[in-house]
Amino acid sequence: MIDFDGTPVPFKEGDTVLTAVLRAGLRPWRGCLCAEGDCPHCLVILEGSSYVRACRTPASDGARVEPHPADGYPPLPATTRTPTSESAVGFEMIHCDTVVIGLGRSGKAVAAEAEGAGRRVVTLDAQAGREAVGVYAGPEVVARTPDGMARIFCEEVVVATGSVEVQPVCPGNQLAGILTRRAAEGLAAAGVHLGRVVSVGAGPDAIDHEPARGRLVRFEGEGTVQRVVTVDEASGVERTYRCDTAVVGLGSGPRDTLARMAHGLPGVRSVGSAAGDLDRPPVPEAGVVCPCSGVVVDDLRSVWDRGFHELELIKRSTLAGTGTCQGAVCMPHVRSFVAAGGQGLPPSFTARPVVTQITMGEAAAGWYYQADRRTALHEEHLALGAVMERSGGWLRPWTYGDADREYWAVRSGVSICDVSTLGKVLVSGPDAEGFLERIYPAAIAPLRPGRAKYVLVLDERGYVFDDGLVCREDANRFLLTSTSAGAGYFEMWLRDWAEGWGMDVRILDRTASWGAINVTGPRSGDLLSRLGAPDRLPSFMGHTDMEVAGVACRVMRMSFTGEISYELHHQASRSRELWRALLESGADLDVWPHGIEVLEELRLEKGHILVGVDSLPDSTPRRLGHGWAVGMDKGAFVGRRAVARTSGMDLDRLLVGLEMDGAPPPQGAILRVEGAYAGFVTSSTWSRVLGRSVMLAWMNARDGGFADDVLIEGRPARRVAVPFYDPEGLRVRA
Amino acid sequence: MSAPDHFERLEATRIVAGPRALDEVESPAGGHLVRLAPDDLLVIPPLERVDVADRYAIIEPESGFSAAWFAGSELPRLQGVSAWEFPRHDPAFAQGHLAGIPVKMLFDRGGVRVLVPTVLARHLEERLGMGGRQ
């Protein structure tokens, strides 16, 4: 038994839900049923999933089925199910030479011929539960199979989907009890009692029926068809036929939804009836044309009278053909309607995926969640109780559970931080220096081997899209760093320009291959001296190669935290032993790692910007207060013209430092001056060391200047110079 | 065993140099020269000594990949999560995505050695239903 809207319905082996329900004497569906999956009339809600065609659904014991509501949309599922890997819809990618869609006579012939020619053939047939739902460029076919969803890649797609019967358009065509000819034959053969049958057009085979003579005018009845009314064209006399079932044989057209979806795609062709001509129906005069979107003939006339005479325009203005059946029902009639306007029979409009409705689970099959990268220290962080957070395409420790301890380890002792995520690119070659001079707005030539320089990266419009360091190794080799989130784009940017300029350089991205640990705090030198050679530690903005705890490292001295810092770049395969050695050797120094929550606070106290957080897509170096990082006295570089042009303009907006008492306002909080909008906060934090809130914010110019005092969320804030902490930089150079 | 349960970090040598210089690099005994790009070569296992006729060549130890060997019986399963078709003959080298993760694949002796960036290896293990390391 199936449970159909609360009624137990028996079924036989091989029945569809449609067959079983109609055999039980129920008539829940309105409109002309095709029983072949073309029309939208037998939609049901199956186990909570709506838009399921009863004629395509095998009856199964215990299945809970409800018809779609007669009007409006089906309800959303009453319960939400938590997806699990077990409940995921199966998915497979298949490669072959030929996909044949439809296994009628034409499809079988094509498949046999292709197999005979040694081609690998995949066949799809909705009747057999292997249903193509979309055809895409490639060509590629997406299909629903008994095992789930499949993407099938091939050289050739053959659409052999046969024909679709023309449905009647006249008053009363949405009554129950109307069947197409093939539907009637199939249902009768399956034992469905049709009662008194009246046929319109070509009558059904093997079914007793009374042919209705004359042109179809309308169907009549109360919910269910009871009378068929025709008219004798010669005399104009109407004739009425009483019936229990009306069967219409109005001809057919190509079942071409998939072919229309693939319109113009190379490698896709139609054969057999799917490539045949339409039995053009008479021009519709009244009634529902498009049952999916509820479009009636008067709607077509209305848009026609307003000048919409193209098929595509009529589709868009009425929505005919945009619904569940993608025009399978309405297309012949709308084409006929347009043709009657004197422009000939227009070609069919394009269909959109999917040809039959699929569930969200089916749509999601084969798609994966974002693969955030993990550093070599991922397990070490977890072992220390870290809470991990997505950041710039990586999973990074947000905190190790005690932000206070993490913060003061940096400010007054020694701390370590996994900065492996930083972009790291090697550039070598005879043109390396000249190449970087063109890439960066800062002068590169004066940089000596062993020294590093902070640099902005500009696009052609002079806007900042990344920043980092340039470390010179020798005359012709450099290590460049970039932001974590921007590393992939940065490498691409470098390669693109190198090729475009024809420069002789070699480029190698080391981001995923090298680990990097930042050792920071006033006692960082003490810790490293226990693990390396103290007399070789580089000075501020210097770098050198040395072993730390037996691990070959490039030690770079710079600072993002505001304290003495050494970044240890090394082979990622050695990250764990280096991390553990630092923790073990620094145990008596109370060394403790810090996460990016505290790192945000530390860098903000120093006024360091985070590109993408504090910058906007149109941030020039000048607007960011970083004009000092641009050398206009050097040669050409990307963005130079734009920087030169904008440098003569009034500064309309500036990234400023603000401080206030009390808790920090949230990112995005609005700045107001005398009640008017004046900008917004980009980063904010409560500074433990300063005892007040500090923030960076975009401030609009006002009367040619920038306000010193603003209100943020009703509280006063003052504009101050950055850095907020250690403005002379004495600590980082100590 | 045909199905590995996890990827192991791979030690190799990475050389970025002029294409003609890379053409002349000799393969280590029992090893592989994997040409990732005309100017980019991965040498497995790592070379003790490298002779490259390009004074600007970047020669670096490479530990950014992890690898696992899949026997031929596993190939259909891998093909089922690949939008590109595997080479029909080996030895062959191909690069693309498996289950949405970028990989490099060395087809040989009927099976395949899959190289994945170590930073993404755990995702691929999960997506391929590998047992995973303990």
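Residues numbered from 1 in each chain as written. Chains lettered and ligands numbered in written order. Predicted model: local features only at pLDDT ≥ 70, side-chain atom pairs only at ≥ 80, totals over all residues. Heavy atoms only, no water.

Visitor: Even after reading the chapter, I still don't get the pattern of salt bridges, so can you show me in this structure?
Guide: Pairs can form between side chains of opposite charge once their charged atoms are near each other. All names here are of chain A. The tally for this structure, following the rule as stated, stands at 66 salt bridges over all chains. For the salt bridge of glutamate 380 with arginine 576, the shortest nitrogen-to-oxygen distance reads 3.8 Å. Here glutamate 380 is found in helix α9 (residues 378–383), whereas its partner arginine 576 is found in helix α14 (residues 575–585), with 196 residues between them in sequence. The partly exposed category is assigned to arginine 576, whose relative accessible area is 37%. Between arginine 472 and glutamate 433 there is a salt bridge whose closest N-O contact spans 2.4 Å. Here arginine 472, found in strand β31 (residues 464–474), pairs with glutamate 433, found in helix α11 (residues 432–439); they are 39 residues apart in sequence, far enough to count as distant. Taken together, the shared-partner salt bridges in this structure form one network comprising Glu36, Asp38, Glu165, Arg182 and Arg255. (Salt bridge = Lys/Arg side-chain N within 4 Å of Asp/Glu carboxyl O. Helix = DSSP H or I, 4+ residues; strand = E, 2+ residues; numbered from the N terminus. Buried < 20%, exposed > 50% of the residue type's maximum accessible area, 1.4 Å probe, protein only.)

Visitor: Help me understand the sheet that holds strand β41 (residues 676–687) of chain A in this model?
Guide: All names here are of chain A. Strand order in this closed barrel of six strands is β39-β42-β41-β40-β43-β44, and the pairing throughout is antiparallel. Averaged over all pairs of adjacent strands, the angle between strand axes in this sheet comes to 40 degrees, irrespective of strand direction. Its contacts with the sheet put helix α15 (residues 596–605) on β41 and β42 (692–700), and the angle it makes with β41 is roughly 115 degrees. (Pairing = 2+ DSSP bridges. Axes fitted to C-alpha atoms, helices over the stretch in contact; angles between N-to-C directions. Contact = heavy atoms within 4.5 Å.)

Visitor: How do you make sense of the interface of chain A and chain B when you look at a structure like this?
Guide: It is common to report an interface's size as the accessible area lost on association of the parts. The interface of chain A with chain B comprises 34 residues on the first partner and 34 residues on the second. Carbon and sulfur atoms make up 51% of the surface buried where chain A meets chain B, a total of about 2900 Å² over both sides. In terms of surface lost to chain B, no three residues of chain A exceed Tyr368, Arg374 and Arg506 of chain A, which account for 23% of the buried area on that side. The interface formed by chain A and chain B contains six salt bridges. The partner of arginine 120 of chain A in a salt bridge is glutamate 85 of chain B, with the nearest N and O atoms 2.5 Å apart. Summed over the shared surface of chain A and chain B, the number is 19 residue pairs in polar contact (both at pLDDT 80 or more). Mapped onto the side of chain A that touches chain B, the elements with two or more residues apiece are β6 (91–95), β25 (373–374), β29 (423–428) and β33 (506–509) of chain A. Here the side of chain A that touches chain B is composed, by residue class, of 15 nonpolar, eight polar and eleven charged. (Buried area = accessible area lost by both parts, 1.4 Å probe. Polar contact = N/O pair within 3.5 Å; in protein donor to acceptor, adjacent residues only side chain to side chain. Nonpolar A, V, L, I, M, F, W, Y, C, P; charged D, E, K, R; others polar.)

Visitor: What is the right way to read the side chain of glutamate 406 of chain A from this model?
Guide: Residue and element names in this part refer to chain A. Residue placement: glutamate 406 occurs in helix α10 (residues 403–412). Among buried charged residues, glutamate 406 stands out as having no salt bridge; its nearest opposite-charge side chain is arginine 688, 7.8 Å away. Polar contacts involving the side chain of glutamate 406 include one to the main-chain amide nitrogen of glycine 595, which spans 3.0 Å. The residues touching glutamate 406, leaving out its near neighbours within four places in the chain, are Thr399, Tyr400, Gly401, Ser415, Trp592, Pro593, His594, Gly595 and Val598. (Lys, Arg positive; Asp, Glu negative; His and termini not counted.)

Visitor: Help me understand the domain arrangement of chain A in this model?
Guide: Residues and elements named next belong to chain A. Taken as a whole, chain A is organised into domain 1 (2–67), domain 2 (168–249), domain 3 (373–420 + 513–602), domain 4 (423–509) and domain 5 (603–630 + 644–732). Computed from C-alpha atoms alone, the centre-to-centre distance between domain 4 and domain 5 is 28 Å. On the domain 5 side, the residues contacting the twelve residues of domain 4 number twelve residues. Both faces considered, domain 4 and domain 5 share a buried interface measuring about 940 Å² in area, 69% of it formed by carbon and sulfur atoms. Taken together, domain 4 and domain 5 are joined by zero salt bridges. Mapped onto the side of domain 4 that touches domain 5, the elements with two or more residues apiece are β30 (452–458) and β31. The element contributing the most residues to the side of domain 4 that touches domain 5 is β31, with four residues. (Domains from an automatic or database assignment.)

Visitor: Would you mind showing me how to read unusual backbone geometry here?
Guide: The bulk of non-glycine residues show a negative phi, and the bulk of peptide bonds are trans. All names here are of chain A. At the junction of proline 353 and valine 354, the peptide bond is cis and its omega measures out at 0 degrees in the coordinates. If you trace the backbone, valine 354 turns up in the loop between α7 (331–343) and α8 (360–364). The omega torsion of the bond from valine 722 to proline 723 falls at 0 degrees, within 30 degrees of zero and hence cis. Within the fold, proline 723 resides in the loop between β44 (715–720) and α17 (730–733).

Visitor: Hey, could you run me through the packing of aromatic side chains in this one?
Guide: What characterises a pair of aromatic rings is the spacing of the ring centres plus the angle enclosed by the ring planes. Residues and elements named next belong to chain A. Counted by the stated rule, this structure contains 14 aromatic pairs over all chains. By way of ring pairs, the aromatic residues Phe435, Phe465, Tyr489, Trp493, Trp497 and Trp501 are connected into one cluster. The ring of tryptophan 501 has arginine 438 lying over it, and the distance from NZ or CZ to the ring centre is 5.2 Å. The positively charged end of arginine 653 is found above the aromatic ring belonging to tryptophan 698, 5.5 Å away from the centroid. (Phe/Tyr/Trp six-rings, centres within 6.5 Å; stacked < 30°, edge-to-face > 60°. Lys NZ or Arg CZ within 6 Å of the ring centre and 35° of its normal.)

Visitor: It is not clear to me how empty space enclosed by the protein should be interpreted in this structure. Could you clarify?
Guide: Residue and element names in this part refer to chain A. Per the stated rule, a full pass over the model turns up two cavities of 30 Å³ or more. Around the largest cavity sit 15 residues that line it, and Val164, Pro254, Asp256, Met331 and Pro332 are the ones nearest its centre. Broken down by element, the residue count for the lining of the largest cavity peaks at three residues, all from α7. Along the lines of polarity and charge, the residues of the lining of the largest cavity split into six nonpolar, four polar and five charged. In this structure, the second largest cavity is lined by Cys32, His41, Gln167, Pro168, Asn173, Gln174, Val288 and Val329. Looking at the lining of the second largest cavity residue by residue, the class counts come to four nonpolar, four polar and no charged. (1 Å grid on protein atoms, 1.4 Å probe; cavity = no way out; pocket = protein on both sides within 12 Å on 5 of 7 lines; lining within 4 Å. Points joined across faces, edges and corners; volume = space filled by probe spheres on them.)

Visitor: Even after reading the chapter, I still don't get the side chain of threonine 257 of chain A, so can you show me in this structure?
Guide: Tracing the backbone through its elements, the reader meets threonine 257 of chain A in helix α4 (residues 257–261). Sequence-distant contacts of threonine 257 of chain A, defined by excluding residues within four places in its chain, comprise Gln326, Ala351 and Val355 of chain A.

Visitor: Please explain α11 of chain A as it appears in this structure.
Guide: Every α-helix winds through 3.6 residues per turn, so residues three or four apart in the chain are directed the same way. The complete set of buried residues in α11 of chain A reads Ala432, Phe435, Leu436, Glu437 and Ile439 of chain A. Contact partners of the buried residues in α11 of chain A: β29, β31, β32 (477–482), α12 (487–501) and β33 of chain A.

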